[in-house]
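Topology and contacts: notes
Given next are the chains, with one letter for each unit.
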Amino acid sequence: MSQSDLFGAPAEAGVTVSSPAEVAAALREQLNAHAHRYHVLDAPSIPDAEYDRLFQALQALEAEHPELRTPDSPTQRVLGQVLDGFEPVRHAVPMLSIRTETDTEASGAEAFDARVRRELALPDDAPPVQYAAELKFDGLAINLRYEHGVLVQAATRGDGETGENVTQNIRTIGQIPLRLQGPGAGASAPVLEVRGEVYMRRDDFEALNERQRQHGAKTFVNPRNAAAGAVRQLDPAIAAQRPLSFFAYGLGEVQGWDVPDTHSALLDALAAMGLPVCAERTVAEGASGTSGLVAFHQAIGARRDQLPFDIDGVVYKVNRRDLQERLGFVTREPRWAVAHKYPAQEQLTQVEGIDIQVGRTGKLTPVARLKPVFVGGVTVTNATLHNLFELRRKGVRLGDTVIVRRAGDVIPEVVGVVAPEGGRPAYVPNFRMPRTCPVCDSTVLREPGEVDHRCTGGLFCAAQRKQALLHFAQRRAMDIEGLGDKLVDQLVDGGVVRTLPELYKLGVAKLAALDRMADKSAQNLVAALEKSKQTTLPRFLFGLGIRHVGEATAKDLAKHFGQIDRIMDASEAALLAVRDVGPVVAHSLRTFFDQAHNREVVEQLRACGVSWLEHDGAALVDPATLPLHGKTLVLTGTLPTLSRDEAKALIEAAGGKVAGSVSKKTSYVVAGEEAGSKLDKARELGLTVLDEAGLQALLAAAVATVAAAGAEPAAPQDGSGPTG
Ligand code: D41
């Protein structure tokens, strides 16, 4: 890396190359400014990876020129400041930090194992070292102090020596026990300090940001910042509205408890006391070549997107405590632990344009067209800006350098602008929303009090028509395999399909006449259309694309009313009687079915042969009579024939619940190929573990039992036979 590119400015002619001392000073200044924005203001201006890059550049420079290492260098302290308003807390045992292995490849894990073996002076033929491998949650480190089992204090890490007293806010986190449980000596020890990470789940974060957006309020950059903001929120009432979670991963001061001999046993013990401990962990052996650590890093890496929360790596800890003690620590970092990172989920890139996308409900979304950038495992070329107000608040303009984030399956997002040195050129105009729809030219309106602009063209608008078809065809709705966006573009742009029922009038000949459509594909699509006709009421209802009617609401409606005609004719008051249906949803349904052309669509689809099983409504299905009522099942691994969604649907239809993690409350764990730590956990807890055949047998047996008792064993859609 050249010195000039550390500053983001090209080394132009006439710019003198700086001395190492000047470079170090400039890096220190930049890092300190960024750190303040990050830690104190919770408003970072560069991605973490960029910060790390600057930090490492300074470290490297100081290693080469130790005389440049000043006491105020960010490399010389662990960051974090005590804010005004929170009482400082001196940690009884300093909160160490964890060394990061920035080599994200397998070699990163191997290097750590090799170092541990060397430092323990193990001969080459000594058996492999055992490690506890866990996730590196992307949150905020917290120390929980329990005295005689009671939570007496919670403190942030601060600089590792002194943190902030945030007890009031931490008490609002439902997952954190206010009193430890269990018979072990730990739960009643005079002093037990538990360390862990406070974080925000991605779904909680998305929902929080969506609420903020709908209120025109500031959104949070990422779950970690939202969590950090909530923990340091001076008003605990506001903190309580921010949904936080916690995972324990270590200890601070302990008095009166014999700490288990291994880290894995420690985590088990903490879990037994009622503390949340992540189930995604394992004990692995290090060894040259096929290291269990590498396998863990890779397996978790492959599933990173599916986790409900952000992680930025995994952590390996020497499992045996006596070995940990032998290894000790250097400059506040234990030599027995390392964080093995994954590629960053935030990157810098440039805005090359701002486009408008028209969605299924006519919503106009400004989308930043970006210089392609590799982030969160994919190349991102555009990112949503949500709405005009969000765009203005972020101040995004053409040509800006922005931070792009992509985490989980969430669509990429511009989280902020990195203000150019000296401001942007004055001639870059502010973005404006168009007055007419860029697709159909209809008027664009924004309802008072709403943040979204909408095209008023309805299904006259080709963009809305396309989105409506794609929504209808998606896997969770009618599941029409092969009807993707390219084909829908062709069908709508060519005027071949204008309405949902017209889909079912497509023949092989009409399809094969389309560009780039082989006979075979045309036949496959016709077969897929045919297959999709046999469906369920919730899928059909969801597929209609009624505003505010998502999958869950569609299921509730189907369960409650049993028949489509009853739903179409239900008054708003009758709709309000459905679980989880509020005035907005009820009004939306009524408005939809009050329009003759929408009822017509339903009739025509039925006339085309679309059908499902109906029943007589809530009266017949008392949830308590369903065979798996009150049972919680956890799915893990890949089942031989059922997809996850299918297994879930079967269990739910039988009245059971599917949970994401294993606990004492789990009734059954259904495990397939490559089941992971959930299976280990189930065995630990002595739960019943089923394979797919076992699940099928359970469902069949349960149905039989209930049927014999004379109750209706039915799935929600069961009953009086097909309609249509
Ligand atoms: O998930 C984490 N962020 C995490 C952080 C973890 N799983 N383990 C950790 N272990 C430690 C030691 C080894 C010092 C007990 C940590 C941290 N420390 C840590 N995180 C922030 C400061 C220290």
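Here, the structure is the one placed above.
The residue numbering used here restarts from 1 in each chain and proceeds along that chain's sequence as written. Owing to the predicted nature of the model, reporting of local features is limited to residues with pLDDT of at least 70; listing and counting of side-chain atom pairs is limited to 80 or more, with chain, interface and lining totals taken over all residues. Computation of side-chain values: all heavy atoms of the structure, hydrogens and water removed.

Description of helix H24 (residues 677-685)
So the rule is basically this: Any residue under 20% of the maximum accessible area for its type is buried, any over 50% is exposed, and the rest in between are partly exposed; the area is computed with a 1.4 Å probe on protein chains only. The helix and strand labels rest on DSSP assignments: H or I over at least four residues marks a helix, E over at least two residues marks a strand, and numbering proceeds from the N terminus. Contacts are residue-level and defined by heavy atoms, with any inter-residue pair within 4.5 Å sufficient.
Listing the buried residues of H24 in full gives Ser 677, Lys 678, Leu 679, Lys 681 and Ala 682. Of the surrounding elements, those touching the buried residues of H24 are strand S22 (632-636), strand S24 (668-671) and strand S25 (688-690). Positive backbone phi, at 70 degrees, marks Gly 686, one or two positions downstream of H24.

Some words on the site of the ligand
We apply this condition: The cutoff for a nearby residue is simple: one of its non-hydrogen atoms must lie within 4 Å of the molecule or strand. In the analysis that follows, any N or O atom pair within 3.5 Å is treated as a polar contact, provided that within protein one partner can donate a hydrogen and the other can accept it, and provided that, for residues neighboring in sequence, both atoms belong to side chains. The Shrake-Rupley method, run with a 1.4 Å probe sphere, supplies the accessible areas, and residue values consider only the shown protein chains as cover.
The environment of the ligand is made up of 16 residues, and the closest members are Leu 96, Glu 134, Leu 135, Phe 137 and Lys 317. Phe 137 places a main-chain nitrogen or oxygen 2.8 Å from an oxygen atom of the ligand. Lys 317 has a polar side-chain atom sitting 3.0 Å from a nitrogen atom of the ligand. The protein chains hide 88% of the 490 Å² of surface that the ligand would expose on its own. If you list the elements that add at least two residues to the shell around the ligand, you get strand S3 (130-137) and strand S10 (311-318). Looking at the shell around the ligand, the element that brings in the most residues is S3, giving four residues.

So, the packing of helix H21 (residues 583-594) against helix H22 (residues 596-607)
Just so we agree on the cut-off: Axis definition: a line fit to C-alpha positions, over the contact stretch in the case of helices; interaxial angles, taken between N-to-C directions, run 0 to 180 degrees. Angle categories are assigned with fixed cut-offs, so that under 35 degrees is roughly parallel, over 145 is roughly antiparallel, 65 to 115 is roughly perpendicular, and the rest are oblique. Ten residues, namely Ala, Val, Leu, Ile, Met, Phe, Trp, Tyr, Cys and Pro, are considered nonpolar, four, namely Asp, Glu, Lys and Arg, are considered charged, and the remaining ones, Gly among them, are considered polar.
Where H21 meets H22, the closest approach of the two axes is 5 Å, and the angle between their N-to-C directions is 80 degrees. In this view, H21 runs roughly perpendicular relative to H22, as classed from their interaxial angle. Here H21 contributes Arg 590, Phe 592, Phe 593 and Asp 594 to the contact with H22, which in turn contributes Ala 596, Asn 598, Arg 599 and Val 602. Residue composition of the contact of H21 with H22, by class: four nonpolar, one polar and three charged.

What about a positive patch on the surface?
The criterion, for reference: Patches in this entry comprise residues that are over 30% relatively accessible and not in a salt bridge; like charges within 9 Å are linked, as are nonpolar side chains (Val, Leu, Ile, Met, Phe, Trp, Tyr) within 5 Å. Think of a salt bridge as a Lys or Arg side-chain nitrogen and an Asp or Glu carboxyl oxygen that are within 4 Å of each other. His is not counted here, nor are the chain ends, while Lys and Arg score as positive and Asp and Glu score as negative. By convention, charge coordinates are those of NZ in Lys, CZ in Arg, CG in Asp, or CD in Glu.
On the surface, Arg 392, Arg 432, Arg 435 and Arg 446 cluster together into a patch of positive charge. Take Arg 435: it is sitting in the loop between strand S18 (413-418) and strand S19 (444-445).

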